[in-house]
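Notes for the structure review
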Amino acid sequence: MTELPIRTEPIASAMPAFRSTIEAGTLRAVVEKAKTQKARLVALWGSDETTRGGAYALHLALALRSGLLWLTLPLAREHPRYPSIADIYPCANRMQRATYDLLGIHAQNSPDHRKWVRHRAWPGGVFPLRKEFDIGTSLPASDDRYAFVKVEGEGVHEIPVGPVHAGTIEPGHFRFSIVGEKILRLEERLCYTHKGIEKLFETMTLAEGAKLAGRVSGDSTVAYAWAYAMAVEGASGTEPPGRALGLRGIMLELERIANHLGDLGYLGSDVGLTFGFFQFWRLKEDLLRLNAQLFGHRYLMDIVVPGGVTRDLGRGETGLLLERLETIRGEAATLKSIYDEHAGTQDRFIMTGQVLPELAEQMGLGGLAGRASGVWHDLRVDYPIPPYQQVEPRMATHTRGDVAARVSVRFEELFESMRLVQALANQLPPGEIRASVAAGAAGGRGIGWVEGWRGDVLIAIETADANRIHRLHPHDPSWQNWPLLEHAVHGNIVPDFPLINKSFNLSYSGVDL
Amino acid sequence: MYQLLKQIAKTGIVTEPAPLPDAALREVEQKLGEVILKHFGRSLAIRHVDAGSCNGCELEIHAMNSPYYNLERLGIKFVASPRHADLLLVTGPVSRHMEVALKRTYDATPDPKLVVAIGDCGCTGGVFGESYASCGRVSNVIPVDVAVPGCPPEPLAIMRGILTAIAPGKRR
């Protein structure tokens, strides 16, 4: 079934997906084999199985050429542990630490045992994702000390930034070690916006979870809502109508266009070209107003639901959408030529915040940042399923891995997404937009895997009885990309940090959960 | 450069009229006197604090700076430190991990200060509610003058909330 020497069974999903249960003793051998096959580690999480006759379990999602492989390792009730895989997949480091903080599942021989999700809200030795832990428990503030890596030497000093930042961005802490203006090291500490999303899902029915899924990371609401819907549809054996899939594709591309327009504007203002900010944000506002007019919400929240979508496009509305998009496309093309020919802008973009392909591959850089650094993956291209199958998306790629490369990928994707919206709208099949969702049995599994604007968003779900959620792990591509930001700024000057950061524009809420 | 100037000329001025204050958004009565309000009305410095949002409200706060809304024309601007701020614009349910940072930011803001809570989460805790990880609404952690509902509230609604905070008026 897959390229790995293990027995797998298919998971019912719109995406090709398989599952396998393995022993902790074979984990490293399987993962090493996967790495040699150039598989990507998509996610790592844990679960408490004590309410259904087990103890604990570790889960891994690997992207193979044939599809997504969901590996499960049953673990013991006493001292649940498994061998760390962070030496094979460096991006596993933070995921392993989060799994310990939330469930008390220990990664042996890990290079880093510091806490990750846990700050003040609960003390060590308490594990909020264990079933015995009540979601309403309020514990006294615990000690929040954290051992940042200290850089020593003559003239080295630290700049602590955040969690409250100088601009309108999400909260997180950045610890810069610098000499003069040059950054020697950046260390991130995230999870300030941890608001118990995974625990909250376990109090919900499959129907209720859709709204929360759309708010894991607000800027990717369509991607998350679609991934959630795909997972629930797979677990319950529901087939969404073809017209709903086409409309989901249109909305996902509109989300990509809106985010790229906004970030291209900020990338201009971050190098002093405020003209770029005002022009791109005018275009973005035009698009948001169009979204509100056609779908009833500027960011398209709560429109993708399990079974289909809640809003249809009439023929006149489709015409309006394509006409307005064409206007935006023309203006964006003018702005691209202004950016391209603006020497001051290009001077700041080129060779700033570089992540070379070798490092990107090794560390698992993904999404648009990966595509700018020679790691060429895009779910819409790698596993073409409806509605993308019919419209053949073209992947935007680059190899230089600097701010300019990420800008280039964004421009290419902007125009390609506009082409895709047009193609999807012209081929929209007639018929219903929503199927009723069948009742799922307890113990069902579902996988939702969608290429959002930042990269691939995964929702892995296990169902309980009465259409409730036993465990749900939402995974944002920012997990993989945050560690690379630490590398990208190395050797750059502090004033270029906002520019480099914006060129990635990673989600905090999506990883803090 | 010619192309850039041509684009500016072609675009013209797209800024739209600002909304009026709405006393229905008030959580508490206006504490500031007419004289001070007159000055606030002409120059207001805002520090935004994301206390745990999903980042949806941030998108609309950014949009207020787009040329359609152009918040700065009203003398209202975002500043980098709470020590320079008159008003805190707070988004999200307050996560327990952000509780101390939000309180410290509030304490660092000089008096007289105003707080506007943004979005359903800021107003009620929203979909995240109160839990081991979330303190819920902003007013559970710091005093709030004006609360703007919406998921996320549109830029005009946020502007209306800010203008309400610096307008005379009782709670309706």
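For the structure, check the block above.
This report concerns the structure included in the present document. The residue count restarts for each chain, going from 1 along the sequence in the order it is written. All chains are assigned letters beginning at A, and all ligands numbers beginning at 1, according to the order in which they are written. Per-residue local features of the predicted model are confined to residues with pLDDT of at least 70, and side-chain atom pairs are confined, for both listing and counting, to 80 or more; whole-chain, interface and lining totals are unaffected and use all residues.

1. Considerations on the overall build of chain A
Think of it this way: any DSSP run of H or I at least four residues long counts as a helix, any run of E at least two long counts as a strand, and we number them from the N terminus. From N to C terminus, chain A includes 16 helices and 15 strands. Expected size for 513 residues packed as a compact globule is a radius of gyration near 24 Å; at 22 Å, chain A falls within 12% of this value. Whether two residues are in contact is decided by their C-beta atoms, placed from the backbone, lying within 7 Å. Contacts in chain A between residues at least 24 apart in sequence constitute 68% of all its contacts with a sequence separation of at least 6. For the radius of gyration, the atoms used are the C-alpha atoms, and the globule rule reads 2.2 Å times the number of residues raised to 0.38.

2. Observations regarding the packing of helix α7 (residues 274-295) of chain A against helix α8 (residues 315-341) of chain A
All names here are of chain A. Across the interface, α7 lies against α8 with an axial gap of 11 Å and an inter-helix angle of 170°. In terms of orientation, α7 lies roughly antiparallel with respect to α8. Two secondary-structure elements touch here, α7 through Gly-276, Gln-279, Phe-280, Leu-283, Asp-286, Leu-287, Leu-290 and Leu-294 and α8 through Glu-317, Leu-321, Arg-324, Ile-328, Glu-331, Ala-332, Leu-335 and Tyr-339. Classification used: nonpolar for Ala, Val, Leu, Ile, Met, Phe, Trp, Tyr, Cys and Pro, charged for Asp, Glu, Lys and Arg, polar for all others including Gly. A per-class count over the contact of α7 with α8 returns 10 nonpolar, 2 polar and 4 charged. Only the contacting stretch of a helix is used when fitting its axis, a line to C-alpha atoms as for every element, and angles between N-to-C directions run 0 to 180 degrees. Working rule for angles: under 35 degrees goes down as roughly parallel, over 145 as roughly antiparallel, 65 to 115 as roughly perpendicular, anything else as oblique.

3. What about helix α1 (residues 27-36) of chain A?
Two residues of an α-helix separated by three or four positions point the same way, owing to the 3.6 residues in each turn. Residues and elements named next belong to chain A. Listed in full, the buried residues belonging to α1 are Val-30, Val-31 and Ala-34. Down the axis of α1, the smallest arc covering the buried residues is 95°, so these residues share one side. Structurally, α1 contributes buried residues whose contacts are with β4 (56-64) and β5 (67-75). Whether a residue is buried, exposed or partly exposed follows from its count of other C-beta atoms within 10 Å of its own C-beta, namely 20 or more, 12 or fewer, or something in between, respectively; the C-beta atoms are built from the backbone. Arc, as used here, means the arc of the directions from the helix axis to the C-beta atoms.

4. Here's the deal with the environment of Leu-71 of chain A
Residue and element names in this part refer to chain A. Mapped onto the elements of the fold, Leu-71 is located in strand β5. Taking the number of C-beta atoms within 10 Å as the measure of exposure, Leu-71 has 23 and is therefore buried. Put simply, Leu-71 and Phe-18 are 53 residues apart on the chain and 8.5 Å apart in space, counted from C-alpha to C-alpha. The contacts of Leu-71, once residues within four sequence positions are left out, are Ser-20, Ile-22, Val-30, His-59, Leu-60 and Leu-62.

5. Describing the sheet that holds β4 of chain A
All names here are of chain A. Pairing between strands is defined by DSSP: at least two bridges between them are needed. Here 5 strands make up an open sheet; going across it, the order is β1-β2-β5-β4-β3 and the pairing mixed. Because the sheet does not close on itself, it has two edges, and the strands there are β1 (9-10) and β3 (40-48). The pairing of strand β2 (residues 17-21) with β5 spans 5 bridges and is classified as parallel. For Phe-18, the partnering residue across the bridge sits in β5 and is Leu-69. Set on the sheet, helix α2 (residues 92-103) makes contact with β3 and β4; between it and β3 the angle comes to about 10°.

6. Regarding the interface of chain A and chain B
Counting from both sides, the interface comprises 46 residues of chain A and, opposite them, 41 residues of chain B. Sorting the residues of the side of chain A that touches chain B by element identifies α3 (197-201), α4 (209-213), α7 and α8 of chain A as the ones contributing at least two each. The leading source of residues in the side of chain A that touches chain B is α7 of chain A, at 6 residues. In the side of chain A that touches chain B, the residues fall into 20 nonpolar, 16 polar and 10 charged.

7. Looking at the sheet that holds strand β4 (residues 114-118) of chain B
Residue and element names in this part refer to chain B. Reading across the sheet, the 5 strands line up as β2-β1-β3-β4-β5 and stay open at both edges, with parallel pairing between neighbours. The open sheet has two edge strands with one neighbour each: β2 (76-78) and β5 (146-148). Here the average twist between neighbouring strands, direction ignored, is 25°. Here 3 bridges tie strand β1 (residues 44-50) to β2, and the two strands are oriented parallel to one another. If you follow Leu-44 over to β2, its bridge partner there is Ile-76. Docked against the sheet, helix α3 (residues 56-63) engages β1, β3 (87-91) and β4, running at close to 140° with respect to β3. Contacts between helix α6 (residues 155-165) and the sheet are confined to β2, β3, β4 and β5, with β5 contributing the most and set at about 175° to the helix.

8. A short note on helix α6 (residues 242-269) of chain A
Given a helix with a known number of residues, its expected span is that number minus one, times 1.5 Å. With 28 residues, α6 of chain A should reach 40 Å at 1.5 Å per residue; the first-to-last C-alpha distance of 41 Å fits that figure. Most of α6 of chain A sits inside the fold, with 25 of its 28 residues counted as buried.

9. A few points about the packing of α7 of chain A against helix α1 (residues 2-11) of chain B
The contact between α7 of chain A and α1 of chain B brings their axes to 12 Å, and the two run at 45°. In terms of axis orientation, α7 of chain A runs oblique to α1 of chain B. Here the hand of the crossing between α7 of chain A and α1 of chain B comes out left-handed. Judged by residue contacts, Phe-275, Gln-279 and Arg-282 of chain A of α7 of chain A engage Leu-4, Gln-7, Ile-8 and Thr-11 of chain B from α1 of chain B. Each crossing is labelled by how the near helix is turned from the far one, with a counterclockwise turn of less than a right angle marking it left-handed and a clockwise turn marking it right-handed.

10. Observations concerning the pairing of β1 of chain B
Residues and elements named next belong to chain B. Within β1, 6 of the 7 residues are buried, which leaves it mostly tucked inside the rest of the structure. In terms of handedness, the path from β1 via α3 over to β2 forms a crossover that is right-handed. Sheet topology note: the β1/β3 ladder contains 5 bridges and is parallel. Bridge assignment links His-48 to a residue of β3, and that residue is Leu-89. The handedness of a crossover follows from its direction of travel: if, with the strands pointing away from the viewer, the path from the first strand over the helix to the second runs clockwise, the crossover is right-handed.

11. Some details on the environment of Ala-34 of chain A
Residues and elements named next belong to chain A. With respect to the helices and strands, the residue Ala-34 is situated in helix α1. Given 25 C-beta atoms within a 10 Å radius, Ala-34 is considered buried. When the C-alpha positions of Ala-34 and Val-222 are compared, they lie 30 Å apart, and in sequence the two are 188 residues distant. Sequence-distant contacts of Ala-34, defined by excluding residues within four places in its chain, comprise Leu-4, Ala-39 and Leu-62.

12. With respect to the nonpolar core
Linking buried Ala, Val, Leu, Ile, Met, Phe, Trp, Tyr and Cys residues through C-beta atoms within 7 Å yields a set, and such a set is a nonpolar core. By size, the foremost hydrophobic cluster in this structure holds 209 residues, and its most contacted members are Ala-227 of chain A together with Val-116 of chain B. Not counting chain neighbours up to four residues away, the residues in contact with Val-116 of chain B comprise Leu-87, Leu-89, Asp-145, Val-146, Val-148, Gly-161, Ile-162 and Ala-165 of chain B.

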